[in-house]
Amino acid sequence: MLERFPRIDRLINNAGVMADKRAETEDGHELLLGTNHLGHFAFTGRILPAILAAPGSRIVTVTSLSQKVGRLRWDDLHLVEGFKPFVAYAQSKLANITFAVALQKRLAAAGEDTGSLVAHPGFAETDILRNHKRQPSQLQRRLSMRYVQTAADASRPSLRAATDPTAYGGEFYGPSHRFEISGPPVPVRPSRRALDEVEQRRLWAVSVEHTGVEYPLTER
């Protein structure tokens, strides 16, 4: 990619998986953490020279509402013991926003004008749950019919973060309606855990260790 695209103006980290059972990536990482966070961390770091070469470039990392209840389980980060699908997903989504906030701080400290932003789609009608065996309850189906957004509508927070000329590094966009479930994109608040500098540094160090990717950023 660096040979084909020496300058990259926008990167949207939007890969995401869910799973009923614990599985691992080819590198031996728990599947959700490996795909939803470590893959983004590694890919972003490897193509960062091309992103930095584009003036005003942006990196948008997509999290979800579950980041509000997620927790980085340092005693068992890969959930070898007691794997639960939602616990694993929420952890990976908290990792997304924690990474994005930490990246913005490093970009700013290095004097780069590249911005790291975050977005979440609210409730979206996608196929991320296609492998789940559990069928939705009648209540869930009713709520889904009332509040769920199309994939196109749910993409608007990411698009605003990537293209709004007034957006800036460190901002977080999500739907504007009640509980951030649906609606036009507006700035929203991250969870307090995502803003914890100790957690940010720890996640960054673990991510470098797991991926072998160092970021070409030097503090000025």
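Everything that follows concerns the structure shown earlier in this document.
All values reported here derive from a predicted model rather than from experimental measurement. Counting restarts for each chain: residues are numbered from 1 in the order of the written sequence. Given that the model is predicted, a residue must reach a pLDDT of at least 70 before its local features are reported, and side-chain atom pairs must reach 80 or more before they are shown or counted; all residues, however, enter totals for whole chains, interfaces and linings. The side-chain values count all of the structure's non-hydrogen atoms but skip hydrogen atoms and water molecules.

Asks: An account of helix H6 (residues 197-211) is requested, with residue identities and associated values reported.
Replies: Given 3.6 residues per turn, any residue in an α-helix points the same way as the ones three and four places further on. Given a rise of 1.5 Å per residue, 15 residues ought to cover 21 Å, and the 21 Å separating the end C-alpha atoms of H6 matches this to within 8%. Here H6 has its buried residues at Glu199, Gln200, Leu203, Trp204, Val206, Ser207, Val208 and Thr211. Contacts: residue pairs with any heavy atoms within 4.5 Å of one another. Helix and strand labels come from DSSP, where a helix needs a run of H or I of at least four residues and a strand needs a run of E of at least two; each type is numbered from the N terminus. Those residues of H6 that are buried are in contact with helix H1 (31-52) and helix H2 (85-109). We define a polar contact as two N or O atoms separated by no more than 3.5 Å, with the added condition that, inside protein, one atom must be a possible hydrogen donor and the other a possible acceptor, whereas residues neighbouring each other in sequence contribute only through side-chain atom pairs. Its side-chain oxygen 2.9 Å from the backbone nitrogen of Val198, Asp196 forms the N-cap of H6. Gly212 sits one or two residues past H6 and shows a positive phi near 75 degrees. A helix's residues, less one, multiplied by 1.5 Å, set its expected span. Exposure is judged per residue with a 1.4 Å probe applied to protein chains only, and the accessible area is read against the type maximum: over 50% gives exposed, under 20% gives buried, and values in between give partly exposed.

Asks: Summarise the sheet that holds strand S4 (residues 172-175); cite the residues concerned and give the values.
Replies: In this scheme, strands are said to pair when DSSP sees at least two bridges between them. Reading across from one edge, S1-S2-S3-S4-S5 is the order of the five strands in this open sheet, with mixed pairing throughout. Looking along the sheet, the strands with just one partner apiece sit at the ends: strand S1 (10-13) and strand S5 (185-187). The mean inter-strand angle of the sheet, taken between neighbouring strand axes irrespective of direction, is 25 degrees. The pairing of S1 with strand S2 (residues 58-62) spans four bridges and is parallel. All axes here are fitted lines through C-alpha atoms, helices being fitted over the stretch that makes contact, and every angle between N-to-C directions spans 0 to 180 degrees.

Asks: Could you give me a rundown of the pairing of strand S3 (residues 115-119), with the residues and numbers involved?
Replies: In summary, the side chains of a regular strand alternate between the two faces of the sheet. Where burial is concerned, most of S3 is hidden: five out of the five residues are buried. Along S3, one buried face is formed by Gly115, Leu117 and Ala119 and the opposite face, lined by Ser116 and Val118, is buried too. With five bridges connecting them, S2 and S3 associate as parallel partners. Paired with Ile59 across the two strands is Ser116, which belongs to S3.

Asks: I'd like a rundown of a nonpolar patch on the surface, residues and numbers included.
Replies: Candidate patch residues must exceed 30% relative accessible area and have no salt bridge, after which like charges are joined if within 9 Å and Val, Leu, Ile, Met, Phe, Trp or Tyr side chains if within 5 Å. Per-residue accessibility takes into account occlusion by the displayed protein chains alone, with areas from the Shrake-Rupley method and a 1.4 Å probe. The salt bridge definition used is simple: a Lys or Arg side-chain nitrogen within 4 Å of an Asp or Glu carboxyl oxygen. On the surface, Met1, Phe5 and Phe43 cluster together to form a nonpolar patch covering roughly 270 Å² of accessible area. Tracing the chain through its elements places Phe43 in helix H1.

Asks: Describe in detail the pattern of salt bridges, supporting the description with residues and values.
Replies: Across all of its chains, the model carries five salt bridges by this definition. Here Lys105 and Glu197 are joined by a salt bridge, their closest N and O atoms 3.3 Å apart. Remark: Glu197 occurs in helix H6 and Lys105 occurs in helix H2; sequence separation between them is 92 residues. A salt bridge links Glu197 to Arg201; the nearest nitrogen and oxygen atoms lie 3.9 Å apart. Note that Glu197 and Arg201 are positioned in helix H6 at a spacing of four residues, about one turn of the helix. For Glu197, a relative accessible area of 46% gives the class partly exposed. One salt-bridge network, in which partners are shared between bridges, spans Lys105, Glu197 and Arg201.

Asks: Tell me about the pairing of S4, residues and numbers included.
Replies: Sheet analysis places S3 next to S4, joined by two bridges and oriented parallel. For Ala119, the partnering residue across the bridge sits in S4 and is Tyr173.

Asks: Outline the side chain of Ser207, supporting the account with residue identities and numerical values.
Replies: Along the chain, Ser207 falls in helix H6. The contact partners of Ser207, leaving out residues within four places of it in the chain, are His37, Leu38, Phe41 and Gly212.

Asks: Could you give an account of unusual backbone geometry, with specific residues and numbers?
Replies: Comment: phi is negative for the bulk of residues other than glycine, and the bulk of peptide bonds are trans. With phi around 50 degrees, Leu79 is a residue other than glycine that occupies positive phi space. Secondary-structure assignment places Leu79 in the loop between S2 and H2. Non-glycine residue Phe179 carries a positive phi angle of around 65 degrees. Mapped onto the fold, Phe179 is located in the loop between S4 and S5. Here Phe179 falls in the exposed class, since its relative accessible area comes to 59%.

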